[in-house]
Every structure is written in C-alpha cells, then in structure tokens.
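Observations on the three-dimensional arrangement
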2 protein chains.
Amino acid sequence: MKNISKEDYLSVIYKNRNESGEINPALIAGKLQVSNAAVTDMLKKLSKDGHILYKKYKGVKLTSSGEEYAQNMVRRHRIWEVFLHQIVKLPWDKVHEEAHRLEHSASDELIDRLEEMCDFPEYDPHGDPIPSKAGKVPKLKKHIPLSDLKEGEKGKVVRVNDFDDKFLNYISELGIKLNEMIFLKERRAFDDSMLIMISKQPWNISRKLAENVFVEVMKK
Amino acid sequence: MKNISKEDYLSVIYKNRNESGEINPALIAGKLQVSNAAVTDMLKKLSKDGHILYKKYKGVKLTSSGEEYAQNMVRRHRIWEVFLHQIVKLPWDKVHEEAHRLEHSASDELIDRLEEMCDFPEYDPHGDPIPSKAGKVPKLKKHIPLSDLKEGEKGKVVRVNDFDDKFLNYISELGIKLNEMIFLKERRAFDDSMLIMISKQPWNISRKLAENVFVEVMKK
DNA sequence: CATATAATTTAAGTATGCTTAATTTGTAAC
DNA sequence: GTTACAAATTAAGCATACTTAAATTATATG
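Here's a quick rundown of the structure.

Conventions and cut-offs
- Residues numbered from 1 in each chain as written.
- Chains lettered and ligands numbered in written order.
- Predicted model: local features only at pLDDT ≥ 70, side-chain atom pairs only at ≥ 80, totals over all residues.
- Contact = placed C-beta atoms within 7 Å.
- Helix = DSSP H or I, 4+ residues; strand = E, 2+ residues; numbered from the N terminus.
- Nonpolar A, V, L, I, M, F, W, Y, C, P; charged D, E, K, R; others polar.
- Near = placed C-beta within 6 Å.
- Core = buried A, V, L, I, M, F, W, Y, C linked by C-beta atoms within 7 Å.
- Buried ≥ 20, exposed ≤ 12 C-beta atoms within 10 Å, placed from the backbone.
- Axes fitted to C-alpha atoms, helices over the stretch in contact; angles between N-to-C directions.
- Parallel < 35°, antiparallel > 145°, perpendicular 65-115°, else oblique.
- Least-squares fit on C-alpha atoms with pLDDT ≥ 70 in both.

Here's the deal with the interface of chain B and chain A
- In this complex, chain B contributes twelve residues to the contact, which on the side of chain A involves twelve residues.
- At the level of elements, α5 (95-102) and α6 (108-117) of chain B are the ones that each hand at least two residues to the side of chain B that touches chain A.
- Residue classes in the side of chain B that touches chain A are distributed as seven nonpolar, two polar and three charged.

Section: the protein's contact with DNA strand D
- The local shell around DNA strand D holds 20 residues, among which Asn24, Ala26 and Ala37 of chain A together with Ser35 and Ala37 of chain B are the closest.
- Counting residues per element, the ones that place at least two in the surface near DNA strand D are α2 (25-32) and α3 (36-48) of chain A together with α1 (4-16) and α3 (36-48) of chain B.
- Of the residues forming the surface near DNA strand D, the biggest block, five residues, is contributed by α3 of chain B.
- Taken together, the residues of the surface near DNA strand D break down into ten nonpolar, six polar and four charged.

Structural notes on the nonpolar core
- Counting 28 residues, the largest nonpolar core has Ile79 of chain A together with Ile79 of chain B as the members making the most contacts within it.
- Among the secondary structure elements, those contributing two or more residues to this core are α4 (64-86), α5 (95-102) and α6 (108-117) of chain A together with α4 (64-86), α5 and α6 of chain B.
- Excluding residues that lie within four positions of it along the chain, Ile79 of chain B makes contacts with Ile111, Leu114, Glu115 and Ile130 of chain B.

Some points on the packing of α1 of chain B against α4 of chain B
Residues and elements named next belong to chain B.
- With their axes 8 Å apart at the nearest point, α1 and α4 run at an angle of 95° to one another. Comparing their axes, α4 and α1 come out roughly perpendicular. Along its contact with α1, which presents Glu7, Leu10, Ser11, Ile13, Tyr14 and Lys15, the element α4 presents Gly66, Tyr69, Ala70, Gln71, Met73 and Val74.
- Its residues assigned to classes, the contact of α1 with α4 comprises seven nonpolar, three polar and two charged.

Topic: the relation of the copies chain B and chain A
- Superposing chain B onto chain A takes a rotation of 180° plus a shift of 0.0 Å along the axis, which leaves an RMSD of 0.2 Å. The operation mapping one copy onto its partner corresponds to a two-fold rotation axis. Taking C-alpha positions as the reference, the residue of chain B nearest the rotation axis is Leu102 of chain B, at 3.3 Å.
- Comparing interface residues between copies, 100% of those in chain B also sit at the interface in chain A, which points to an isologous, same-surface contact.

What follows is the structure, encoded as structure tokens:
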C-alpha cells in the first residue's frame, strides 16, 4: 500500500501521452485532480526512480522501466474490470471505479488468476485493450469517434472512454454498449448535436458525448 | 484509500482485546509491527475520532462507534477470505495476506455482492465467524486449544489462528485444516511437544503450534 | 513503603504527498 | 524582438504516520 500515488501518475501518463509519447504536467494534474505543483513534485520523484525522462519546462516521457510499470498497472486495472463484470456481474458502468480501488492492492499472482478465470480477455468492458503478462497489447480494429460518423452511416461500438462515471452511467441508459449498432440519422449544425438510432430507439445526443464513443464504420 | 492505518488499528483492537474489552498498547504494536510510540500517536487520533475510550497509562476500549467500524472491517476481511478461497480457489493458507490488502479498497456494495456469491458464509476459511451486515456475529461451538487436549483424546479442528502466514503454510503441509480430526497420542513433558495423528499420519508438533489450533473435543 | 523495571508517553525528526502563493520560463502575438 | 500570458516550478506550510531517544508512570518486589 505504498505506491498508490506513483502508480496513478504512471497510469495517467501511459494512457494520456500523445503520439510522440509526451504529456504536459497540466493534463496529468487535471486527470488526477491535483495541483500543478503536486505534479512537479511527483515528476521529480518518478524521474529519480528512473520511471520517466524529465527536464524542467520540457516534456515528460516514460522510460522503458516506467512504461513497463505503467503498462502493468493498466493491465491490473482492466483485468479487474473484466473480472468484476464477467464473474461478479457488476454492471458495465460501475466497474471502473471499483477496479480503480482494487488495482493497487492485489498481488500479481491474484491478477494472473483472475485473468485465467476470465479466459484471458483481450479487451476490458469499455473496449480498451488489456496488455498481456508478457507485455503485448492487443490491437483495436480501425475506429473513429461517433462524432465523425456521416449522416446515413452505421457504426458498431468498439470502445468508449471511461473518463467519468456519470458519462458511463448515462450512455448505459441510452443502451450504448460494446458491439451495439448505432445509426446516424441526422446532424443538427446549429448546436452540433445529432440524432441517432439504437435498436430502433431514437436519441438526441451532444457532440461531447459523441466524441467519447468510438465506432467501427459498417458497410450498409 | 485514506484510513488504512486507522482501520488496521481498529481491527487489531477488536480481535485482540481481552474478556473485559481492553487491550495494551504494546500488544497492538506487536501485531502491527510498529513502535509503541506510533501506537500512542494513533490512540490519540482514534480517541479524538470517538472510536475508542483512552486515558493515558490506562486501558484502551472501543466505543460503540469504534466497535461498529472495527466489526465491519473484520467482516470485509473475512468475506474476502471466503471469496478468494471458495470462488477464486486460492489455497487456504494464501487468502489471509491477499484479503488483508483488498479489505481496505472494496466498496460496501461489492462486499455485499461477494457475500451473496459465497452464499452468506458464517465462518471464514480459518473458522473465524463473519459478522453479518446487521452486525450479528455467529457463535462458535465450544472449543479448546489443541495444546489442552488430553492424551488419547480426539478433536475436530474448528478454528486456527491466522496470525502468521508461515504458520498457516506449515500446518497446511501437516494436513491440518478445518473439520480435520486430530488424535493426541503422546505428550513429551521435557520439551512440551506432542505427538499427534492426522489421517493415520504421525507428526510431532511444538506447544507453540498446538496453542494456535483449536479443536472441538470428540467423544471416543 | 521505597525502588526497580517494564510499559507508556513525549519530544524531536523523517518521508510522503498534498496545498496556496510567488516566481520563473517558454511561446505566441504584436 | 518585445511583451504578455499561460504553464511550470519553487517556496513555505500542513497532515499523516512513522522513527529513535528521553522522560514519565504504574506496579510488583523486596
């Protein structure tokens, strides 16, 4: 129970860095709901531990050691999510929060056992890939945000952002879940909202919502 | 993830207080492997929180609020133990350590769900009673330490102390487990050891070991 | 009943991970 | 190329939960 904060920081860096592997302190602060000063503090420690490359006022990047550590934390989190959903039968929109608390506590052996019980899943209940014990990360099918779907197109939900519990709760009420089909009927330019159909039910959704649901475009 | 230490202190007090509900700081320090000074420190905080009655140099006692809190922690721990053993199939002697890490993290809702999955167990894998959500603590059958068994008597294992992982591991190797029959063949006065039979296998065990295994005396 | 000793408490100090406020730096706009 | 602004860092301080060493208290024994 010692490295909870460090583990959280490394996870956030791993999950939110850009294509070149960099991330701004302010983004970390936002995700973790702490001050920028707290982030600077922790970056120094992580740097001293050899988990990140860090130059003052320059970018932050994971070292291979940091990458390994972070990837393992992400693995732990996602395996807990699958386990809680698949075995314990917690609802899809509740597992994120619970898994976040448990991910720091379990032994590696328990995580491996849970993975086995879930039959070595490749994706978590939100569609995010689960790194294997050996460090392999399953590839996702090509997908785009729902907000980029064109009028008249159909998409299959392959991933949703789990940035917020209320968001998950809400889309779950709309019937949005993994592998569900969404048909984009109409876009309303004036407020960027859009009318979608989910199993014959029409819903009007905001751009913000659509940006956090990812679909594989289906041929008509 | 805030009250880990407080929760541990309250659990230890709950589980180790004497018949009049009191406990010495030194015993707490021993169980938690911290200094006596650390205990004094925490006792002040727990007292300020209203969880214990505490007078300097006098005894320590749980208030009803502290009792409730502690009992809930014990409940959480023991439900995790049963779950890890019964559902996850971890070996009997491994669940204590793992449960200890998880007990602080799960939500009350998850604990209730795990309890339901295990079919509302009354005892954990070491024979300790599990307080119900309503606060009821199942009674144990009348039992004595194995060290008090007389030569020629037979006892059924109803409980073992889970004070130490190595201890559990060792007795598990001897074949000692819940509901197992133990026959006391001979006592050796000179070193307080004793010769026992477990499913036709003889073992010589120390007094220390025998003091931590509890049996229900069986009629011949 | 004085005193020795063991348990307990206090005092001072450490590490971690935060906070707010002040300062420094990088960069984008003029 | 200044300058203005936002982002990042430093500084000072706080809470938690420990540590060791010194002081205090309870009590057990002669």
